[in-house]
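Reading the structure
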Amino acid sequence: MKKILFTGCGGQIGSELLFAFRKEYGNDNIIASDVSPKIKQEILESGPFISLDVTDRQAIANAIDEYKVDAIVHLAGILSAVGEKNPQLAWNVNMNGTVNMFEVAREKGIKRILVPSSIAAFGPDTPHEMTPQRTLLYPTTMYGINKVANELLGSYYNAKYDMDIRGLRYPGIISHKTAPGGGTTDYAVAIYFDAIAKGSYECFLSENTMLPMMYMPDCIKGTFDLFHADKSQLTDATRYNVTAFSVTPKMVADSIKKHIPNFEITYKPDFRQAIADSWTDSMDDHLARQEWGWNPEYDLDKMTEEMLREISLK
Ligand code: AKB
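Here goes a summary of the coordinates provided. (Residues numbered from 1 in each chain as written. Predicted model: local features only at pLDDT ≥ 70, side-chain atom pairs only at ≥ 80, totals over all residues. Heavy atoms only, no water.)

Now for the state of the cysteines. The final tally for this structure, using the stated rule, is zero disulfides. The thiol sulfur of C9 is not disulfide-bonded, and the nearest other cysteine sulfur, from C219, lies at 15 Å. (Disulfide = S-S within 2.5 Å.)

Moving on, we come to the packing of helix α3 (residues 57-67) against helix α5 (residues 87-108). Contact geometry of α3 with α5 gives a least axis separation of 10 Å together with a crossing angle of 45 degrees. If you check the angle between α3 and α5, you find them oblique. The way α3 lies across α5 gives a crossing that is right-handed. The residues of α5 that touch α3, namely those facing R57, I60, A61, I64 and D65, are V99, N100, M101, E103, V104 and K108. Residues belonging to the contact of α3 with α5 are distributed by class as follows: six nonpolar, one polar and four charged. (Axes fitted to C-alpha atoms, helices over the stretch in contact; angles between N-to-C directions. Helix = DSSP H or I, 4+ residues; strand = E, 2+ residues; numbered from the N terminus. Parallel < 35°, antiparallel > 145°, perpendicular 65-115°, else oblique. Left-handed = near helix turned anticlockwise from the far one by under 90°. Contact = heavy atoms within 4.5 Å. Nonpolar A, V, L, I, M, F, W, Y, C, P; charged D, E, K, R; others polar.)

What follows deals with the pairing of strand β4 (residues 71-74). Neither face of β4 is left uncovered, since the one carrying A71 and V73 and the one carrying I72 and H74 both have all their residues buried. Where strand β1 (residues 4-7) and β4 come together, four bridges link them in parallel fashion. Bridging from a neighbouring strand, L5 pairs with I72 of β4. Relative to strand β5 (residues 112-114), β4 runs parallel, the two sharing three bridges. Its bridge partner lying in β5, I72 is registered against I113. (Buried < 20%, exposed > 50% of the residue type's maximum accessible area, 1.4 Å probe, protein only. Pairing = 2+ DSSP bridges.)

Next comes the structure, spelled out in structure tokens:
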């Protein structure tokens, strides 16, 4: 691979993953894109950037031709909470955007595409503890429906057109550089910022809502490793369960209190509670560990220490 197109590089994950790829391949070989004009200066200054709407198939084809793209990291998407407020937008971006990527890639002979999935692929009927990779899905959010369809479509294109589409089911991703954009797990980022800024946080999920989570450095490493894994080792390429630890808002608050003893948390669950309740508590990710070496480094307390330190420096 020489040239990789990145979509959604202004988002929480894209804005950091991009730099891991630019470091590996050289800045000019990673074509950053986003539909939003609000892009960090460091992204614009470090290599090529194009404005790209993934619902515009012709624009994708033009970008691929212009930059001679031969692989794609497709991160553009509408997350769960925003998706419930505007399901039609979620369908358009998450479904049509992904089909466009797959179709243009197929037409142009591009094999490798990374498209993340999410714990949103699970639903209320899914076993909630140590959820297997292959299990009952039936998600009840538009975002989850889109993610399941994307996983299946990726597998279909792999089988039918000999493509190399890969994906992993992200849990909540916690980071301090770029804010997440409209997810249900966003509380786990906001809590750290409010702990430093205000010493308190009002949580939109109830105190015992257990969800799988991961710190950004592990997310970057895992995504990078799956993208580069030996294809012959991947038996279920489009839907790897990956997790680092499972926590409740209370557990995150208790971890923060070890550093900020007066930190206070209150709970005011809103519509996102129902979304979180439909998702899994913990995941079995042994296949990712076995097939491409997934092995997260951070647990809750190690992450808390780093999050609080980094946010304090800002
Ligand atoms: C969300 O909360 O929507 C995302 C996700 C788990 O995919 N962070």
